[in-house]
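Coordinates in review
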Amino acid sequence: MDAADIVASVLVLGIIIVSLLSNVVVLICFLYNPEIRKQVPGLFILNLTFCNLLLSVFNMPLTLVGLISTGHPGGSGCCQIVGFLDTFLTTNSMLSMAALSIDRWVAVVFPLSYHSRIRHRDAVIALAYMWIHSFCFSTVATCRSWVGYHHLYASCTLCNVRAKAAGTQFIIFTVACHSLTFLLTLIVLCVTYLKVLKVARFHCKRIDVITMQTLVLLVDIHPSVRQKCLDEQKRRRQRATKKISTFIGTFVVCFTPYVITRIVELFSPWPISPHWGVLSKCLAYSKAATDPFVYSLLRHQYRKTCILLANKVLKRSPLNSSSLWMENSIGRITNNSNTTDNIQPPTNKPLGQ
């Protein structure tokens, strides 16, 4: 076991810990908050979280064992099951990201008709397609014995060594699998999120025009206030761009090296470095650790639920803090019937704010 294997083992171990903790927190938030469960995107996030948790429990530890032992981890039957899960869960998680991007696009572009266009029944149909799509590819690979331990990735996955006899059939299958999962999802992400960005910039521009007209009318406004308004305009324009870049960027950075390596491996006459193969697999695994933050935990609704859960675990009421006490007092003055217990969680915002 050389230094590169040690670094890779530590990296995989870190990904396992972060992925397990973050995805479990998302799952707890989903179960605890009824408002999250009522929302259609919550079903896609639940499916994505489910896939990430299974990857963290079954696939990543076996890769860690393969790196430490520098050999085949477990028996052939166990490796085939894990290889089946590798194809199934990776495909399913990619399609979940595509479904989430379509949901956000409809919410931003068609806000008034969103609830009539995206219903729970439609989400269930989409989830059924994801599972059938993923099950078909993983079942074909397993039944054709194209799944096994791959030394290049130190993982139980699609293995071209076991599929040498199949030749062209395995090449067609691998290209089709990555085209209908990775490439399809990437196209959907780019098209939908760029349309979302276009609409967001249009709305920002309208707000900027109103703000500038107001600043022109307020001739006696202090220069510092005017500058603060201009700075807020700039931040507003940058906020949407950063979020869209995060959605697309994390997908490209995490999955592209692994997919390109799989395709190059089919046609290249030269061997690929095992260190690069393991690194590309680690990047693909890291998507399971980043998804909870990209799609859930950084959003206001999930953050608020996490705070409520933390206060409940620590047996501390949020009303004990002075800021929340003042907020509650103001609420009682403006509305005698309002208490903090009656405040409903905010609705889901299209861009995950």
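Everything numeric in this text was worked out from a predicted model, so none of it was measured. All residue numbers refer to position in the chain's written sequence, counted from 1. Predicted model: local features are reported for residues with pLDDT of at least 70 only, side-chain atom pairs are reported and counted for 80 or more only, and whole-chain, interface and lining totals are derived from all residues. Side-chain calculation: all heavy atoms of the structure are included, whereas hydrogens and water are not.

Below, the discussion takes up the overall build of the chain. The way it works is that DSSP assigns letters per residue, a run of H or I at least four long becomes a helix, a run of E at least two long becomes a strand, and they are numbered from the N terminus. For the chain, the helix and strand inventory stands at eleven helices and two strands. Its helices and strands taken in sequence order, the chain reads α-α-α-α-α-α-β-β-α-α-α-α-α from the N to the C terminus. Exposure categories follow from relative accessible area, calculated using a 1.4 Å probe and restricted to protein chains: below 20% of the type maximum is buried, above 50% is exposed, and the middle band is partly exposed. Residue burial in the chain is summarised as follows: out of 353 residues, 45% are buried. Residue contacts are defined here by distance: any two heavy atoms, one from each residue, within 4.5 Å place the two residues in contact. Long-range pairs, those at least 24 residues apart, make up 79% of the contacts in the chain with a sequence separation of at least 6. Using the Shrake-Rupley algorithm and a 1.4 Å probe, accessible areas are obtained, with residue cover drawn only from the displayed protein chains. Taken as a whole, the chain presents about 18,600 Å² of accessible surface, with 70% of it coming from carbon and sulfur.

Before going further, it helps to spend a moment on the confidence of the model for the chain. Detailed reading of the predicted coordinates is not advisable wherever pLDDT falls low. What pLDDT expresses is the predictor's confidence in each residue, scored from 0 to 100. Mean pLDDT over the chain: 82, with 78% of residues reaching 70 or higher. When the elements of the chain are averaged for pLDDT, helix 11 (residues 322-334) gives the smallest value, 43, and helix 6 (residues 120-143) the largest, 94. Throughout residues 318-353 the model reports pLDDT below 50, and contacts reaching past four residues in sequence, or to other chains, amount to 45 contacts.

Attention now moves to the pairing of strand 1 (residues 147-150). The side chains of a regular strand alternate, first on one face of the sheet and then on the other. Criterion used throughout: strands pair if DSSP finds at least two bridges between them. Relative to strand 2 (residues 155-158), strand 1 runs antiparallel, the two sharing four bridges. In the strand pairing of strand 2, Val-147 is matched with Leu-158.

Looking now at the UniProt feature "transmembrane region" (unreviewed entry) in the chain. UniProt positions are given in the numbering used here, feature names are shortened, and annotations may be inferred rather than shown by experiment. Residues given the UniProt feature "transmembrane region" (unreviewed entry) here are residues 6-32, 44-68, 126-147, 170-196 and 244-264. A distance of 35 Å separates the end C-alpha atoms of residues 44-68, which is 100% helix and 0% strand. End C-alpha atoms of residues 126-147 are separated by 27 Å, and the span's content is 82% helix alongside 5% strand.

A few words now on the state of the cysteines. We call a pair of cysteine sulfur atoms a disulfide when they lie within 2.5 Å. Here the structure, examined in full by the defined rule, presents one disulfide. Linked covalently through their sulfurs, Cys-79 and Cys-156 form a disulfide whose S-S length is 2.0 Å. Across the disulfide from Cys-79 to Cys-156, rotation about the S-S bond amounts to roughly -110°, and the bridge is consequently left-handed. Of the two residues, Cys-79 sits in helix 4 (residues 76-109) while Cys-156 sits in strand 2, which places them 77 residues apart along the sequence. Of the two residues, Cys-79 and Cys-156, neither departs from the other in class, the shared state being buried. Between Cys-29, a free cysteine, and Cys-306, which holds the nearest cysteine sulfur, the sulfur-to-sulfur gap is 3.5 Å. Classification of Cys-29 as buried rests on a relative accessible area of 0%.

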